[in-house]
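# Fold and contact review
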Amino acid sequence: MFEKIRKVAVRVRGACRQDGGMVTSEYAMGIIAAVGFALLLYKVVTSGQVQAELQDIVKKALSARM
């Protein structure tokens, strides 16, 4: 009895797992998107205004009294 239930459970699990994962083209698109986002973030962080704000935050943190 338990053997029949186990076999049915294995078949049901196998039917539910039809998608094995991403294919190479999906990995490539994911990597391209991640690199694009990283470049955008790098440009924002190294821009003059953001860099000045970050330096101001660090200066305030270092000069804070305890």
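Residues numbered from 1 in each chain as written. Predicted model: local features only at pLDDT ≥ 70, side-chain atom pairs only at ≥ 80, totals over all residues. Heavy atoms only, no water.

## Some details on the overall build of the protein chain
Here is the rule we go by: Each helix is a run of DSSP H or I of at least 4 residues and each strand a run of E of at least 2, with the numbering of both proceeding from the N terminus. The rule is simple: take the accessible area with a 1.4 Å probe, protein chains only, and divide by the maximum for that residue type; under 20% is buried, over 50% is exposed, in between is partly exposed. Note on areas: Shrake-Rupley with a 1.4 Å probe; residue coverage comes only from the protein chains shown.
When helices and strands are counted, the protein chain shows three helices and zero strands. In sequence order, the secondary structure elements of the protein chain are arranged as α-α-α. By the burial criterion, 0% of the 66 residues in the protein chain qualify as buried. Accessible surface, the protein chain: about 6600 Å² in total, of which carbon and sulfur atoms supply 67%.

## A word on the confidence of the model for the protein chain
Applied cut-off: On a range of 0 to 100, pLDDT expresses the predictor's confidence in each residue.
Here the protein chain averages 83 in pLDDT, while 83% of its residues score no lower than 70. For the protein chain, per-element mean pLDDT is lowest for helix 1 (residues 2-16), which scores 73, and highest for helix 2 (residues 24-45), which scores 91.

## Description of a nonpolar patch on the surface
This is how the line gets drawn: Nonpolar side chains (Val, Leu, Ile, Met, Phe, Trp, Tyr) are joined into patches within 5 Å and like charges within 9 Å, using only residues with over 30% relative accessible area and no salt bridge. Salt bridge, as applied in this entry: a Lys or Arg side-chain nitrogen positioned within 4 Å of an Asp or Glu carboxyl oxygen.
A cluster of nonpolar side chains, contributed by Phe37, Leu40, Leu41, Val44, Val45, Leu54 and Ile57, occupies part of the molecular surface with about 660 Å² of accessible area. Elements with a contribution of two residues or more to the nonpolar patch: helix 2 and helix 3 (48-62). In terms of residues, the nonpolar patch owes the most to one element, helix 2, which gives five residues. Relative to the elements of secondary structure, Val44 occurs in helix 2.

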